[in-house]
Amino acid sequence: MQLTAHNIQPLLADAVRTLLIATAMVERADAAGKDWEIDGSGFFYTESERISVYEETLYAKKYFGDGDTLSLKRTLDILSGASPTGEAKPSAVQTFTTASGSQITNKSGSSPLGKFEDIRSAVNVNLEKTIAKAFKTNWAANFSYEYDYTSMGASTQWSRDVFDKQATINAGLSANYDIVRPTGGVPTGLKVTTDPTRYVSDQKFTYDTLIGTTLVMDRNTLATATFMMGASLGYLSDPYKHISRLNVDGTPSGSVQFERRPDERRYKSLHLRTLHSRTSKGAQGDVVDIAYRWYVDDWSIQSHTLDARYRHDLEGKNSRKNKEYLQGHLRGYYQTAADFYYYGLPVLQPDPPFASADYRLAKLGTVTAGILWGQELIKDLTLTLRGEYLYQWYMETQLSPLGAVLTQAGLYYQF
């Protein structure tokens, strides 16, 4: 099972240098004079009666002379639970057998769920090198593997300081190649789920380009702007998602088909971010981090994301000698539905060219709120604990709202 709806290159998804600067200002101590950074974390995500995810990450970064760095990130994800299949809510109890041979019973009046288990292992290598004064390059490669999905890619970024280092111009390219090999084979889109026609695997290509800038507004404020555009080509459907045929009264007819999405998706986004270190009495050293992201694609999905963080440094406000801080987080997200999203298809009408009942393509909103606590245990060793709650609701559909809890513990060490 593919873990995410979109494959986004780590280098480009981080809005290039924006998050590197944010990390330095908000979450980590200055690495000057240090040769290594080691960062490890364990992350747990659980949805009410749905998916549970455990993720462990190990990150290592080596500093060389002239600002050159080499980093390696290894991630292991373990998923289990159930995910909505896209079928309409049944009017009676349903029991059926999945492609993997497991048996599922769906309750009357509840969205049908499909059980799954999956393990994903991923590796990312990143080399940052200065090739001339005020000019840096960044080269990255990534690889991930699941029993039914393999992804590999590469990316590059160029950064140049201008106006006496008061601004930085960034540009980047990324390419990814994925192989899809679902359990039971790749189904034919919009065929009934009992149709035995399958083929072993399919493929997908993704590329991204970006251009951006980072501006030093004053000694305490940074602002960034990044524009990204790209496309995905190939097999973009989810082989495990279905769509129901509906009677005239809106109840399921009993006929269920596989979804079918276009084999091309072009998109663009704009990411804006401001970081400000406060200087007023009682809040000196506190950091305000506000970001906005606009996204649109040719599937008619348009989204808006507002993300805000506030870090409050507790150092000097208690008896502890080591650094300690709290960071609050609030995020809001809204998206429109894809133009081929349907709750179900009428039995008396012909198939549309494309159709999906995947809730991730529906009109929806999400609010996330949480807090992170950080404490320097000993010199250069910091512990962080994070807890967040996510609430997601769906509009113009019969899907039930989703609640999820996120917890994370991490250790960061410099030497």
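Residues numbered from 1 in each chain as written. Predicted model: local features only at pLDDT ≥ 70, side-chain atom pairs only at ≥ 80, totals over all residues. Heavy atoms only, no water.

(A) A nonpolar patch on the surface, seen in detail. Residues Phe64, Leu70, Leu72, Val123, Val125, Leu127 and Trp139 make up a contiguous nonpolar surface patch of about 580 Å² in total accessible area. Elements that contribute at least two residues to the nonpolar patch include exactly β3 (69–84) and β6 (113–132). No other element matches β6, which puts three residues into the nonpolar patch. Mapped onto the fold, Leu70 is located in strand β3. (Patch = residues over 30% accessible without salt bridge, like charges linked within 9 Å, V, L, I, M, F, W, Y side chains within 5 Å. Areas by Shrake-Rupley, 256 points an atom, 1.4 Å probe, with all protein chains shown as cover. Salt bridge = Lys/Arg side-chain N within 4 Å of Asp/Glu carboxyl O. Helix = DSSP H or I, 4+ residues; strand = E, 2+ residues; numbered from the N terminus.)

(B) Inspection of the pairing of strand β18 (residues 302–313) at higher detail. Alignment of strand β17 (residues 287–297) against β18, held across 10 bridges, turns out to be antiparallel. Within β18, the residue paired with Arg293 across the bridge is Thr305. As consecutive antiparallel partners, β17 and β18 are separated by four residues, and within that stretch Ser300 has a phi angle of approximately 75°, a positive value. (Pairing = 2+ DSSP bridges.)

(C) The arrangement of the nonpolar core in detail. Tyr45, Trp299, Ala338, Tyr341, Leu361 and Tyr394 are the most contacted members of the largest nonpolar core, which has 25 residues in total. At the level of secondary structure, the elements contributing two or more residues to this core comprise β1 (36–47), β2 (51–63), β22 (381–395) and β23 (402–414). In terms of residue count, the dominant contributor to this core is β23 (three residues). Residues in contact with Tyr45, not counting those within four places in the same chain, are Ile51, Ser52, Val53, Leu402, Ala404, Val405 and Leu406. Formed by five residues, the second largest nonpolar core is a distinct cluster that contains Leu190, Leu345, Ala355 and Ala357. (Core = buried A, V, L, I, M, F, W, Y, C linked by side-chain atoms within 4.5 Å. Buried < 20%, exposed > 50% of the residue type's maximum accessible area, 1.4 Å probe, protein only. Contact = heavy atoms within 4.5 Å.)

(D) View of the pattern of salt bridges. Tallied over the full model, the rule gives 16 salt bridges. Taking the shortest distance from any N to any O, the salt bridge between Arg360 and Asp238 comes out at 2.9 Å. Separated by 122 residues along the polypeptide, Arg360 in the loop between β20 (345–346) and β21 (363–378) and Asp238 in the loop between β13 (221–234) and β14 (242–246) bring together distant segments of the chain. Residue Asp238 is classed as buried on the basis of its relative accessible area of 13%.

(E) Examining the packing of aromatic side chains more closely. Under the defined criterion, the tally for this structure stands at seven aromatic pairs. Residues Tyr413 and Phe415 carry aromatic rings whose centres are separated by 5.3 Å and whose planes lie at 20° to one another, so their mutual orientation is stacked. Residue Tyr413 is classed as partly exposed on the basis of its relative accessible area of 33%. Grouping aromatic residues by their ring pairs yields a cluster made of Trp36, Tyr413 and Phe415. Over the face of the ring belonging to Tyr359 we find Arg50, whose NZ or CZ atom lies 5.6 Å from the ring centre. The ring of Tyr325 is capped by Arg311, whose NZ or CZ atom sits 3.7 Å from the centre of that ring. (Phe/Tyr/Trp six-rings, centres within 6.5 Å; stacked < 30°, edge-to-face > 60°. Lys NZ or Arg CZ within 6 Å of the ring centre and 35° of its normal.)

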